[in-house]
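What follows is each chain in one-letter form.
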Amino acid sequence: MNTRLTGAFRARVHRGTRQIGGTCIELEADGQRILLDLGLPLDADGASDDLLPDVAGLQGEDPSLSAIIISHGHGDHWGLLPLCKPAIPLVMGAATARIMGASAPFAPNFFAPNVSKYLSDRTPLQIGPFRLTPYLVDHSAYDAYALEIEAAGSRLFYSGDIRAHGRKAALFEQLVRKPPQHIDTMLMEGSSLGRLSEHDHFESEQAIEARLIENFSRPGFVMISASAQNIDRMVGIYRACKKTNRTLLLDVYAMEILRATGNPNLPNVGWPNLSVYVPEYQRRHIARNQRFDLLQPYKSARIFREHIAEIVDSVVMLFRPAMMRDLELSNLWKDARAIWSQWDGYLNDGPGAKLKAELLGRGIKLDVIHTSGHASIADLKRLATALNPNRLVPIHTFQGDRFSDYFDNVTRRDDGEWWDV
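Residues numbered from 1 in each chain as written. Predicted model: local features only at pLDDT ≥ 70, side-chain atom pairs only at ≥ 80, totals over all residues. Heavy atoms only, no water.

- Labelled according to an unreviewed UniProt entry, the chain appears under the name MBL fold metallo-hydrolase, originating from Bradyrhizobium manausense.

In structure tokens form, the structure reads like this:
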């Protein structure tokens, strides 16, 4: 039986009790504090100091802030890190750190983290009074973790972002089969509430692969817009290319992300049905920054623009709006079709909406072939039942008031409110 020290282990959610993204949770015990995630809100135009939560030590000296723990590599969980003073110890998965480092040369809003300790599946870490146990989970980000934190005789479990229908679904099954015990408070994401009915399920990554195979089986040039950091999707696209005898064209950024995982079982130079194409905007960026070293590992697999037109009917290109000029120069529009393999909400405004309109202006419909990176309500119910917490606190959701319709022991909290774990 746990020893109770009322008020000795406290928590507050700075952002997330009533929105998706921008997640930040502060924990305090024995005069020490840690943060779980420090995300950029999804509706923010960019990182700025006014978005930082009111946490002592983020920009000024405060030795009681012991560490910031990042659950996974999506910007809505780490995107405010560049605004913090560099002395704060960072903790994250090793592959997450490598992927963030690999992204840094390609985008202004990325940075290479200086990590103090690494998360590893079910390997406990001691950070001051906090005993942290990471659980590798299935999510659309590679190397994603749920976190169990024990301090002052109480236990908190943070689901992070989680699902049960990806290529690592076995991790979810392992978690519900062998869950952590005696959880006092569970912070559980609810991204799917409001998007899915209670008994419906999202398509599996295997089902998405089958839909891609059907699409790729038809003749014509295929451009597909997907996140290079969604490794499950990269695998599905590559497998669909192999099964339809097509060549997948990846740019240097995508290849660097795959390489940064450190996983030899992912597509790489020398694999069949894979070539590396350097789009014009990326070529100029590499030249401007004198980063020709980024091209070196991919010289043997590189394909040039003039050769794409020769094999256009057997090509799938990982595509971004910045690559429109490449299609113009190569004259690849005839019999072309486009696939959107990301959240379709991105098509409502911004670059996604502009891309959709430009393609429609050319008579090209943008087909959506995608599945969620988040668990269905049915799978969230399985997770909550397995952990059986004394209190379940909604986070990473716009529908926290509906949690009690589906889950037991729900306790609503507000952003900024301290409470005892």
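### Here we look at the sheet that holds strand β18 (residues 391–395)
Inference 1: The mixed open sheet is built from six strands, whose spatial order is β7-β8-β9-β10-β11-β18. At either end of the open sheet lies a strand with only one pairing partner, and these are β7 (125–127) and β18. Neighbour-to-neighbour, the strand axes of the sheet open up by a mean angle of 20 degrees, direction not taken into account.
Inference 2: In this sheet, strand β8 (residues 130–137) lies alongside β7 in antiparallel orientation, the contact comprising three bridges. Note on β8: the bridge partner recorded for L125 is L132.
Inference 3: Across the face of the sheet, helix α11 (residues 377–387) comes into contact with β10 (154–158), β11 (185–189) and β18 while running at roughly 170 degrees to β11. (Pairing = 2+ DSSP bridges. Helix = DSSP H or I, 4+ residues; strand = E, 2+ residues; numbered from the N terminus. Axes fitted to C-alpha atoms, helices over the stretch in contact; angles between N-to-C directions. Contact = heavy atoms within 4.5 Å.)

### What about the domain arrangement of the chain?
Inference 1: If you check the domain split of the chain, you get domain 1 (9–197 + 373–420) and domain 2 (205–368).
Inference 2: Placing a centre on the C-alpha atoms of domain 1 and another on those of domain 2 gives a separation of 31 Å.
Inference 3: Contact with domain 1, which involves 20 residues of that partner, is made by 24 residues of domain 2.
Inference 4: Carbon and sulfur atoms make up 52% of the surface buried where domain 1 meets domain 2, a total of about 1,700 Å² over both sides.
Inference 5: Together, F106, Y142 and R167 form the three largest contributors to the area buried by domain 1 at its contact with domain 2, with a combined 44%.
Inference 6: The tally of links from domain 1 across to domain 2 stands at four salt bridges.
Inference 7: Salt-bridge contacts for D232 lead to K168; the nearest nitrogen and oxygen are separated by 3.2 Å.
Inference 8: Residue composition of the side of domain 1 that touches domain 2, by class: eight nonpolar, six polar and six charged. (Domains from an automatic or database assignment. Buried area = accessible area lost by both parts, 1.4 Å probe. Salt bridge = Lys/Arg side-chain N within 4 Å of Asp/Glu carboxyl O. Nonpolar A, V, L, I, M, F, W, Y, C, P; charged D, E, K, R; others polar.)

### Quick notes on the sheet that holds strand β19 (residues 419–420)
Inference 1: In space, the seven strands of this open sheet follow the order β6-β5-β4-β3-β2-β1-β19, with mixed pairing throughout. Looking at which strands have only one partner, the edges of the open sheet turn out to be β6 (115–119) and β19.
Inference 2: Pairing of strand β5 (residues 90–93) with β6 involves four bridges; the strand directions are parallel. Paired with G93 across the two strands is L119, which belongs to β6.
Inference 3: Helix-sheet contacts for helix α2 (residues 94–103) involve β5 and β6, and the interaxial angle to β5 is about 100 degrees.

### Overview of the environment of T96
Inference 1: Its location among the elements puts T96 in helix α2.
Inference 2: Note: C-alpha distance between T96 and G73 (23 residues apart in sequence) is 5.6 Å.
Inference 3: Residues in contact with T96, not counting those within four places in the same chain, are H72, G73, Y142 and D143.

### Regarding the environment of M223
Inference 1: Looking at the secondary structure, you find M223 in strand β12 (residues 222–225).
Inference 2: When its relative accessible area of 1% is taken as the criterion, M223 is described as buried.
Inference 3: For M223 and L327, which are 104 residues apart along the polypeptide, the C-alpha to C-alpha distance reads 9.9 Å. (Buried < 20%, exposed > 50% of the residue type's maximum accessible area, 1.4 Å probe, protein only.)

### Quick word on the state of the cysteines
Here, the word disulfide means a covalent bond between the sulfur atoms of two cysteines.
Inference 1: All chains considered together, the criterion is met by zero disulfides.
Inference 2: Cysteine C84 shares no disulfide, and the gap to the nearest cysteine sulfur, in C24, comes to 8.8 Å.
Inference 3: Of the residues examined, C84 reaches a relative accessible area of 13% and is grouped as buried. (Disulfide = S-S within 2.5 Å.)

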